Amino acid sequence: MSIFWVLTRRELASYFFSLTGYVIIGAITFLTGASFLQLINGLGNDALPMPVTQMFFGTFYFWMIVLLSAPVVTMRSFALEKSSGTFETLMTAPVGDLEVVAAKFAAAFLFYAVMWLPLLACLFLVGHFTNQAGVAGVLDAGTVTGTYLGIFLVGGYFLAFGCLTSALTRSQMVAAMMSLGFGVSQFALAWWVKSIPVSDHWQSEMWSCVDMFGQMNNFARGAVDTRAVIFYLSTTFLFLFLTLRVVESRRWK
Amino acid sequence: MIEVFNLTKRYAGRTAVDDISFTVTRGEIVGLLGPNGAGKSTTMRVLSGFMPASSGTVRVAGLDVFHDSVEARRHIGYMPENNPLYPEMRVREYLKFRARLKGLGWRRSRERVTTVMEQCSLTDVSRRIIGQLSKGYRQRVGLADALVHEPDLVILDEPTIGLDPHQIRSVRTLIKSLGGRHTVLISTHILPEVEMMCGRVLIMFNGRVLASDTPENLQRRMAGGSQVIAEIAAPIEALNAAVETLPDVEQMDITPMDGDFHRCALTPREGIDLRPSMSALAAHNGWILRELTRSRHSLEDIYVQVTRPRSEEQE
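### Concerning the overall build of chain B
Counting its regular elements, chain B contains eleven helices and 14 strands. Over its C-alpha atoms chain B spans a radius of gyration of 25 Å, topping by over 25% the 20 Å that the globule rule assigns to 315 residues. Each principal axis of the C-alpha atoms in chain B carries an extent, and together these give about 80 × 45 × 30 Å. Buried positions account for 41% of the 315 residues belonging to chain B. Long-range pairs, those at least 24 residues apart, make up 67% of the contacts in chain B between residues at least 6 apart in sequence.

Listed below in structure tokens is the structure:
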């Protein structure tokens, strides 16, 4: 366990040793800010029957952050070590493959979580001013928790896939492109699901499993759908398991 | 310390290491010598537990490096070829991280890092960022990393590659000082290095171990046919005649030099030293003898001799 923490700490620190971490956080803060601006503009218009967080999820910027951040955060995790050769020093130290994969994912996830902190400030601002105006319930703990749960679940899903692509190649660029391709196809699928005519009940049930936008809307409303939670958790673990197999593959390849 | 039995490693369609066996006892410094592509790095990667063997067994400190991989790795300090490091970390920080990774406790890792930094003369640069260090320092950081958990076995893949002569000397001294306490396995294709540092040499070529002996023994094996060079001032005809009377000369080659001097290159029959008879010959005739040497076969000759037949076979 202590080795896991030692590794996680180094991985996390490596984001901040290099410029990458700061660039990512800067870009995300900018996008969150832009999103916030759009939100404020939206609030200035007619009253809407939805929580602020749900509106936030409807903005274009939010999805851009989700789509772009995961490949950028995870692309270096294995690919950089493989190309610079440090993978060899790492794997010849007395550490298990599982510890390495878990630590890399944990560090990427923690970084991802830190990256979303500015949003909390935005939400706090909105909540502060709207509540002051005497309008109760615009923002409550339930919706904020639901929002963050949704962000973390979707994030974990994409980050796990990013780890997998990074483990598959020596090139950070290839890893990022594969991971981005996956994200885009996932988005396309969610859009497509919206547009197909649903003729049967079981079909709509099935497609709702991959309808990311619909699921996110639910989370933002503060409604935690266990199907979505199970879907994201299980796929995250599946991708991490595959990553572990890829890392182990040097033993039987 | 190291026991290798019938180790074979195949990459897709190519056999990098072909059925080699050797053992190394505790405290030895063994050099793995061979040209590029001989299978040295592959052997080391298998030994360090990074890759499994295609067949055969490798045991380090009595532990199988594949089945008890993590446990075996605790006994091994490995520095790969090109010495990869995290360039963004500081020296002390990196060594501390590696020590903790290798299972040392917080306090113990601090002690060990201080010790190895002194041992590898890194104390002056402990706060510097690795990426900004010179190659010699980086190499020493890699060495310090390999030593930080006090491994029984230190495996160094081309530790002096790309260093300037001064740095090479200091790294060699450091490696030499490891003998006795640690078992050391070094790979190199630089011959003098092995002669200087190692108690035993394994010559590898085309994935096989062709010779395994001390550098001195390998030299002695070759010394029988050593050529003797003598520079003598004498008339050429008399010299020719005199040398021909010597019983043990197999081949002679006399060339004129400056003034009256002639250079005689003589190859004796197996196991005979021609020097005493040459000096006696000069003294007997009253000739001036200004040089008399026996060419010492360097490992280079042995290396060339050992590896030549196979390469010709291939062609």
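### With respect to helix α6 (residues 165-178) of chain B
Residue and element names in this part refer to chain B. Between its first and last C-alpha atoms α6 spans 20 Å; for 14 residues at 1.5 Å apiece the expected length is 20 Å, and the two agree. Those residues of α6 that fall on the buried side of the exposure criterion are Ile168, Val171, Ile175 and Leu178. Relative to the axis of α6, the buried residues are bounded by an arc of 75° and lie together on one face. For α6, the exposed residues lying more than 90 degrees away from the buried face are Pro165, His166, Thr173 and Ser177. Of the surrounding secondary structure, the elements contacted by the buried residues of α6 are α5 (135-147), β7 (153-157), β8 (183-188) and α7 (191-197). Phi turns positive, to about 95°, at Gly180, one or two residues after α6.

### Some remarks on the sheet that holds strand β2 (residues 14-24) of chain B
Residue and element names in this part refer to chain B. Spatial ordering of the open sheet is given by β2-β1-β4-β5, a layout of four strands whose pairing is antiparallel. At either end of the open sheet lies a strand with only one pairing partner, and these are β2 and β5 (63-64). Bridging between strand β1 (residues 2-11) and β2 involves seven bridges; their strand directions are antiparallel. Within β2, the position partnered with Lys9 by the bridge is Val17. Against the sheet, helix α1 (residues 40-47) makes contact with β1, β2 and β4 (55-60), and its axis sits at roughly 115° relative to β1, the strand it touches most.

### Focus on the interface of chain B and chain A
Across the boundary between the two partners, chain B contributes 22 residues, which contact 20 residues of chain A. Where the side of chain B that touches chain A is concerned, the elements lending two or more residues are α2 (69-73) and α3 (91-101) of chain B. When residues of the side of chain B that touches chain A are assigned to their parent elements, the largest contribution, four residues, is made by α3 of chain B.

### Quick look at the nonpolar core
In terms of nonpolar packing, the biggest core is built from 125 residues, with Leu159 of chain A together with Ala144 of chain B touching the most fellow members. Considering each element in turn, this core owes the most residues, eleven residues, to helix α9 (residues 141-168) of chain A. Apart from the residues lying within four places of it in its own chain, the contact partners of Leu159 of chain A are Ala70, Val73, Thr74, Phe105, Ala108, Phe109 and Tyr112 of chain A. Counting 13 residues, the second largest nonpolar core, distinct from the first, contains Ala234, Cys264, Leu266 and Leu274 of chain B.

### As for the packing of helix α1 (residues 2-17) of chain A against helix α7 (residues 97-115) of chain A
All names here are of chain A. Running from N to C, α1 and α7 cross one another at 45°; their axes reach a closest spacing of 8 Å. One way to sum up the angle between α1 and α7 is to call them oblique. Considering only the axes of α1 and α7, their crossing is right-handed. In contact with Ile3, Phe4, Leu7, Thr8, Glu11, Leu12 and Tyr15 of α1, α7 contributes Glu99, Val100, Ala102, Ala103, Lys104, Ala106, Ala107, Leu110 and Phe111. In terms of residue class, the contact of α1 with α7 is built from twelve nonpolar, one polar and three charged.

### Comments concerning the domain arrangement of chain B
In terms of domain boundaries, chain B breaks down into domain 1 (2-221) and domain 2 (227-294). Computed from C-alpha coordinates alone, the two centres of domain 1 of chain B and domain 2 of chain B are separated by 48 Å.

### Quick look at the packing of helix α2 (residues 19-44) of chain A against helix α4 (residues 60-74) of chain A
Residue and element names in this part refer to chain A. Between α2 and α4, whose axes approach to 9 Å, the crossing angle comes to 170°. Considering the angle they form, α2 stands roughly antiparallel to α4. Contacts between α2 and α4 pair Ile24, Ile28, Leu31, Thr32, Ala34, Ser35 and Gln38 from the former with Tyr61, Phe62, Met64, Ile65, Ser69, Val72 and Val73 from the latter.

### Quick look at the environment of Arg169 of chain B
Inspection of the secondary structure assignment puts Arg169 of chain B in helix α6. Through-space distance from the C-alpha of Arg169 of chain B to that of Val228 of chain B is 32 Å; in sequence the pair is 59 residues apart.

### Concerning the pairing of strand β6 (residues 76-79) of chain B
All names here are of chain B. Side chains of β6 alternate between two faces, with Ile76 and Tyr78 and Gly77 and Met79 buried alike. Here β6 pairs with β7 via four bridges, running parallel. Its bridge partner lying in β7, Tyr78 is registered against Ile155.

### Some points on helix α10 (residues 275-285) of chain B
Since the α-helix turns once every 3.6 residues, residues separated by three or four places project in the same direction. Residue and element names in this part refer to chain B. What α10 keeps buried is the set Met278, Leu281 and Ala282. The buried residues of α10 occupy one face: seen down the axis, they fall within an arc of 95°. Set apart from the buried face of α10 by more than 90 degrees, the exposed residues are Pro276, Ala280, Ala283 and His284. Among the structural elements, β11 (228-233), α9 (236-245) and β14 (288-294) are those in contact with the buried residues of α10. Two residues or fewer after α10 comes Gly286, characterised by a positive phi angle close to 70°.

### Description of the confidence of the model for chain A
On average, residues of chain A score 84 in pLDDT, and 90% of them are at 70 or above. Across chain A, element-level confidence peaks in α7 of chain A with a mean pLDDT of 93 and bottoms out in helix α3 (residues 52-58) of chain A with 70.

### A closer look at unusual backbone geometry
Residues and elements named next belong to chain B. The phi dihedral of Ala61 falls on the positive side, at around 55°, and the residue is not glycine. Mapped onto the elements of the fold, Ala61 is located in the loop between β4 and β5. One non-glycine residue, Asn206, adopts positive backbone phi at about 50°. Along the chain, Asn206 falls in the loop between β9 (200-205) and β10 (208-213). Of the residues examined, Asn206 has 19 C-beta atoms within 10 Å and is grouped as partly exposed.

Rules used throughout
- Residues numbered from 1 in each chain as written.
- Chains lettered and ligands numbered in written order.
- Predicted model: local features only at pLDDT ≥ 70, side-chain atom pairs only at ≥ 80, totals over all residues.
- Helix = DSSP H or I, 4+ residues; strand = E, 2+ residues; numbered from the N terminus.
- Rg over C-alpha atoms; globule rule 2.2 N^0.38 Å.
- Buried ≥ 20, exposed ≤ 12 C-beta atoms within 10 Å, placed from the backbone.
- Contact = placed C-beta atoms within 7 Å.
- Expected span 1.5 Å × (residues − 1).
- Arc of directions from axis to C-beta.
- Pairing = 2+ DSSP bridges.
- Axes fitted to C-alpha atoms, helices over the stretch in contact; angles between N-to-C directions.
- Core = buried A, V, L, I, M, F, W, Y, C linked by C-beta atoms within 7 Å.
- Parallel < 35°, antiparallel > 145°, perpendicular 65-115°, else oblique.
- Left-handed = near helix turned anticlockwise from the far one by under 90°.
- Nonpolar A, V, L, I, M, F, W, Y, C, P; charged D, E, K, R; others polar.
- Domains from an automatic or database assignment.
- pLDDT = per-residue confidence, 0-100.

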